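As a plain string of letters, each chain reads:
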Amino acid sequence: MLAKIAVADYMSAKMITVTPDTQITQAVKKLLDHKVTSLPVVDERGKLVGVFSEKEGMKVFVGSAYNQTLEGTVGEYMNKDPQLVNGDDSLVDVAAKFQESATRSFPVMQNGELAGMISRIDVLRALLAIR
């Protein structure tokens with residue numbers, strides 16, 4: 001039964017996004033305010049160009065400790081080559097991918113476009129929904 005559940009069934013389609021020009025402080029505030037683990041980074045056309053996550057936030061924190069300043073843009077810190085999943089992928093396959101990765105959420109692509117984000121919490125929600 002679980003193998004037939006698609007990522008699209010449990011992904012978050014309402015995404016909070018940032019652009020490469022977004023100031024780091026604004027991106028960190030969005031992570032905290034919206035209680036998400038990562039933000040898709042999109043260009044002016046809405047095309048995915050990277051991901052800014054808690055992990056990149058740690059890079060900002062360490063860098064600001066050395067530089068004694070908190071400045072910069074998302075484009076300077078974002079992961080430019082994030083792991084992607086497809087909306088049609090099996091949730092079981094994505095759970096296995098989470099198991100092998102430190103990543104806490106993946107961008108979901110559908111027909112070459114950003115369609116949502118899937119997190120570890122979304123996968124766990126599916127586990128309870130099938131009982």
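Residues numbered from 1 in each chain as written. Predicted model: local features only at pLDDT ≥ 70, side-chain atom pairs only at ≥ 80, totals over all residues. Heavy atoms only, no water.

- Under an unreviewed UniProt entry, the name given to the protein is CBS domain-containing protein, and the organism recorded is Methylomonas aurea.

Let's talk about the overall build of the protein
For step 1, the next point in the chain: Looking only at helices and strands, the protein features 5 helices and 5 strands.
For step 2, the next point in the chain: The linear arrangement of helices and strands in the protein, starting from the amino end, is α-β-β-α-α-β-α-β-β-α.
For step 3, the next point in the chain: With respect to the three principal axes, the spread of C-alpha positions in the protein is 50 × 30 × 25 Å.
For step 4, the next point in the chain: Of all 131 residues assigned to the protein, the portion counted as buried reaches 41%.
For step 5, the next point in the chain: Of all intrachain contacts in the protein linking residues separated by at least 6 positions in sequence, the fraction that spans at least 24 positions is 53%.
For step 6, the next point in the chain: In the form shown here, the protein has an accessible surface area of approximately 8,200 Å², with 53% of it arising from carbon and sulfur atoms. (Helix = DSSP H or I, 4+ residues; strand = E, 2+ residues; numbered from the N terminus. Buried < 20%, exposed > 50% of the residue type's maximum accessible area, 1.4 Å probe, protein only. Contact = heavy atoms within 4.5 Å. Areas by Shrake-Rupley, 256 points an atom, 1.4 Å probe, with all protein chains shown as cover.)

Comments concerning the nonpolar core
For step 1, the next point in the chain: Formed by 13 residues in total, the largest nonpolar core has its most connected members in Val7, Val85, Leu91, Val94 and Ile118.
For step 2, the next point in the chain: Counting only elements with at least two residues in this core, the list comes to helix H4 (91-99), strand E4 (105-110) and helix H5 (120-129).
For step 3, the next point in the chain: Among the elements that take part in this core, H4 stands out by supplying 3 residues, more than any other.
For step 4, the next point in the chain: If sequence neighbours within four positions are ignored, Leu91 has contacts with Ile5, Ala6, Val7, Tyr10, Ile118, Val123 and Ala126.
For step 5, the next point in the chain: Ala27, Leu31, Phe52 and Met78 belong to the second-largest nonpolar core, a separate cluster that totals 11 residues. (Core = buried A, V, L, I, M, F, W, Y, C linked by side-chain atoms within 4.5 Å.)

Here's the deal with the sheet that holds strand E3 (residues 85-86)
For step 1, the next point in the chain: Here 3 strands make up an open sheet; going across it, the order is E3-E4-E5 and the pairing mixed. Two strands close off the open sheet at either side, each with one partner strand: E3 and strand E5 (113-119).
For step 2, the next point in the chain: Strand direction decides the pairing type here: E4 and E5, joined by 6 bridges, are antiparallel. Its bridge partner being in E5, Gln110 is matched across the sheet by Glu113. (Pairing = 2+ DSSP bridges.)

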